[in-house]
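# A closer look at the structure
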Amino acid sequence: MSEEEIKCEICGSNYSENYYHSDNDNKIICEDCLLNLDGITTSTETYYYIDGEYAGSDNNLYDLIENICDY
């Protein structure tokens, strides 16, 4: 099977550069479907700047608030 013929067995796409073989159910899965499997979660960290200088992130609000107060 050539690379052009590989399709994701979940969504049917063939545009992904990388495909993965699932050991659980023997399916070929594209990156997008792999990242959206049950149990996979995401989070976002927000960075704050004061006049272009890094002040902190919401990952450590105590330091961020201290930096803002010091400013």
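Conventions used here
Residues numbered from 1 in each chain as written. Predicted model: local features only at pLDDT ≥ 70, side-chain atom pairs only at ≥ 80, totals over all residues. Heavy atoms only, no water. Pairing = 2+ DSSP bridges. Helix = DSSP H or I, 4+ residues; strand = E, 2+ residues; numbered from the N terminus. Patch = residues over 30% accessible without salt bridge, like charges linked within 9 Å, V, L, I, M, F, W, Y side chains within 5 Å. Areas by Shrake-Rupley, 256 points an atom, 1.4 Å probe, with all protein chains shown as cover. Salt bridge = Lys/Arg side-chain N within 4 Å of Asp/Glu carboxyl O. Buried < 20%, exposed > 50% of the residue type's maximum accessible area, 1.4 Å probe, protein only. Phe/Tyr/Trp six-rings, centres within 6.5 Å; stacked < 30°, edge-to-face > 60°. pLDDT = per-residue confidence, 0-100. Contact = heavy atoms within 4.5 Å.

Attention now moves to the pairing of strand E3 (residues 47–50). Across 4 bridges, E3 lies against strand E4 (residues 53–57) in antiparallel orientation. Looking across to E4, one finds that Tyr49 is bridged to Tyr54. Where E3 folds back on E4, the antiparallel hairpin that results is connected by 2 residues, among which Asp51 adopts a positive phi of roughly 50°.

Here we come to a nonpolar patch on the surface. A cluster of nonpolar side chains, Ile10, Tyr20, Leu34, Leu37 and Ile40, forms an exposed patch at the surface whose accessible area comes to about 410 Å². Secondary-structure assignment places Ile10 in the segment before strand E1 (19–21). Its relative accessible area of 46% is what places Ile10 among the partly exposed residues.

So, about the packing of aromatic side chains. Under the defined criterion, the tally for this structure stands at 2 aromatic pairs. When the centroid spacing of 5.8 Å and the interplanar angle of 70° are considered together, the rings of Tyr49 and Tyr54 count as edge-to-face. When its relative accessible area of 52% is taken as the criterion, Tyr49 is described as exposed.

Glancing now at unusual backbone geometry. The phi angle of most residues is negative, glycine excepted, and most peptide bonds adopt the trans form. Non-glycine residue Asn26 carries a positive phi angle of around 65°. Mapped onto the secondary structure, Asn26 falls in the loop between E1 and strand E2 (28–30). Despite not being glycine, Asp51 shows a phi value in the positive range, around 50°. Mapped onto the secondary structure, Asp51 falls in the loop between E3 and E4.

Attention now goes to the confidence of the model for the chain. Overall, the predicted model of the chain reaches an average pLDDT of 87, with 94% of residues at or above 70. For the chain, the element scoring lowest by mean pLDDT is E1, at 83; E3 scores highest, at 96.

Moving on, we get to the environment of Gly56. Within the secondary structure layout, Gly56 lies in strand E4. When its relative accessible area of 7% is taken as the criterion, Gly56 is described as buried. As a C-alpha pair, Gly56 and Asp70 span 14 residues in sequence and 12 Å in three-dimensional space. Sequence-distant contacts of Gly56, defined by excluding residues within four places in its chain, comprise Thr46, Tyr47, Tyr48 and Leu64.

On to the environment of Ile65. The residue Ile65 is located in helix H2 (residues 61–70) in this model. Judged by its relative accessible area of 48%, Ile65 falls in the partly exposed class. Residues Ile65 and Ala55, 10 residues apart in the sequence, show an inter-C-alpha distance of 8.6 Å.

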